[in-house]
Amino acid sequence: MRYSVFETAWGWVGLAGHSARISFLVLPLPSPEAVVAEIIEKTGPDLVRDQGLFVSVTEKVEGYFAGTVVEDWGIQVDFSLYPEFTRRVLQQVSCIPYGQTRTYSDVARAVGQPGAARAVGQALKRNLCPLIIPCHRVVARHGLGGFTAPGGVELKKRLLELELRGREHRNSSQFQRGNDGICLPTTSPRKATAR
């Protein structure tokens, strides 16, 4: 597997994958060494550094953390790494537009499992490509819910606040095609609230 590490306005980020599919994204950490350690923990030590990997995605991630609205990451996710239910959840979540949120229950209904809100939360814990699969946009009915990436719920709150500021400057569509996802019409947009 190949990987790259680069600096953003929020810290060091890493990408890993094969050819045209991304397998892993590390959200901002304080050092490039911390990013590499996180990639190795998730993927194993058989890595080759390639700073030319996913150049377009790298530029979009840098822009995202600088406040640029990113609607399309321009990369496919390697969904073969996930069990079926998790894959369906992640594909649906990849359809949530920038600056909007859905509840765990909304996602459960969208994947045809209306009583599976907790299972949706468990599936989101397995997301190896946050931002590209925007699990931070899935919130609890009353509050933010959880977030297992380094930085926890505080990072989730910051990501949602960044997107809300970006959303104020444009209109959001009610449909969006995700990363190999089959997208359904969205429910009415929910504003992310920090409670």
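Sequence positions are assigned chain by chain, starting from 1 and proceeding in written order. It should be noted that, the model being predicted, local features are given only for residues of pLDDT at least 70 and side-chain atom pairs only at 80 or more, the latter also being counted only at that level, while totals for whole chains, interfaces and linings use all residues. Processing note: side-chain calculations cover all non-hydrogen atoms of the structure and skip hydrogens and water entirely.

Peer 1: Is there a simple way to explain the layout of surface pockets in this structure?
Peer 2: Unfilled space is identified by rolling a water-sized probe across the atoms. Here a cavity denotes a set of grid points, spaced 1 Å apart and computed over the protein atoms alone, in which a 1.4 Å probe fits but from which it cannot get out, and a pocket denotes an open set meeting protein on both sides within 12 Å along at least five of seven lines; residues with an atom within 4 Å of a point are reported as lining. Grid points are joined across faces, edges and corners, and a volume is the space filled by probe spheres set on the points. If you add up the space inside the largest pocket, you get close to 460 Å³. Looking at the largest pocket, it is lined by 24 residues, and the ones nearest its centre are L124, K125, F147, T148 and A149. Only DSSP runs of H or I reaching four residues or more are called helices, and only runs of E reaching two or more are called strands; each is numbered from the N terminus. By residue number, the principal contributor to the lining of the largest pocket is strand β3 (residues 21-29), which donates 4 residues. Its residues assigned to classes, the lining of the largest pocket shows 14 nonpolar, 5 polar and 5 charged. Under the grouping applied here, Gly and all other residues not named as nonpolar or charged are polar, the nonpolar ones being Ala, Val, Leu, Ile, Met, Phe, Trp, Tyr, Cys and Pro and the charged ones Asp, Glu, Lys and Arg.

Peer 1: I tried to follow the sheet that holds strand β2 (residues 11-18) on my own but got confused; where do I start?
Peer 2: Strands in a sheet are paired, the pairing made by backbone hydrogen bonds, and the direction either parallel or antiparallel. A pair of strands is labelled paired if DSSP reports no fewer than 2 bridges between them. Strand order in this open sheet of 5 strands is β4-β1-β2-β3-β5, and the pairing throughout is mixed. Single-partner strands in this sheet number two, and they are β4 (48-49) and β5 (76-77). By the bridge criterion, 7 bridges tie strand β1 (residues 2-8) to β2 in an arrangement that is antiparallel. Residue pairing for β2: R2 is matched across the bridge by G17. Strands in contact with helix α2 (residues 55-65) are β1, β2 and β3; relative to β1, the strand with the most contacts, it is inclined by about 30 degrees. In what follows, a contact means two residues having at least one pair of non-hydrogen atoms within 4.5 Å. Orientation is described by lines fitted to C-alpha atoms, with helices fitted over the stretch in contact, and by angles between N-to-C directions that extend from 0 to 180 degrees.

Peer 1: Please clarify how the nonpolar core should be interpreted in this entry.
Peer 2: Considering soluble globular proteins, one finds that nonpolar side chains tend to be buried as a cluster. Ranked by size, the top nonpolar core spans 43 residues in total, and within it V61, Y64, F65, L124 and I132 carry the most contacts. Counting residues per element, this core draws most heavily on α2, which supplies 4 residues. In terms of nonpolar packing, the next biggest core, distinct from the first, is built from 10 residues, A16, V26, V36 and I39 among them. Throughout, nonpolar core names a set of buried Ala, Val, Leu, Ile, Met, Phe, Trp, Tyr and Cys residues whose side chains join them through atoms within 4.5 Å. Classification of residues uses two cut-offs on accessible area relative to the type maximum, computed with a 1.4 Å probe and protein chains only: under 20% is buried, over 50% is exposed, and between them is partly exposed.

Peer 1: When you look at the pattern of salt bridges in this model, what are you seeing that I'm missing?
Peer 2: Any two side chains of opposite charge can pair, given that their charged atoms come close. Salt bridge criterion: a side-chain nitrogen from Lys or Arg within 4 Å of a carboxyl oxygen from Asp or Glu. Here the structure, examined in full by the defined rule, presents 4 salt bridges. E84 is paired through a salt bridge with R87; the nearest N and O atoms lie 3.5 Å apart. Highlighted residues: E84 and R87, both in helix α3 (residues 84-93), separated by 3 residues, approximately one helical turn. Under the relative-accessibility criterion, E84 is labelled partly exposed at 45%. Taking the shortest distance from any N to any O, the salt bridge between E163 and R137 comes out at 2.8 Å. Highlighted residues: E163 in helix α6 (residues 152-167) and R137 in the loop between α5 (117-125) and β7 (138-139), separated in sequence by 26 residues.

Peer 1: Can you walk me through α2 in this structure?
Peer 2: Taken together, the buried positions of α2 are occupied by V57, T58, V61, G63, Y64 and F65. On its buried side, α2 packs onto β1, β2, β3 and α6. One or two positions beyond α2, positive phi appears at G67, with a value near 105 degrees.

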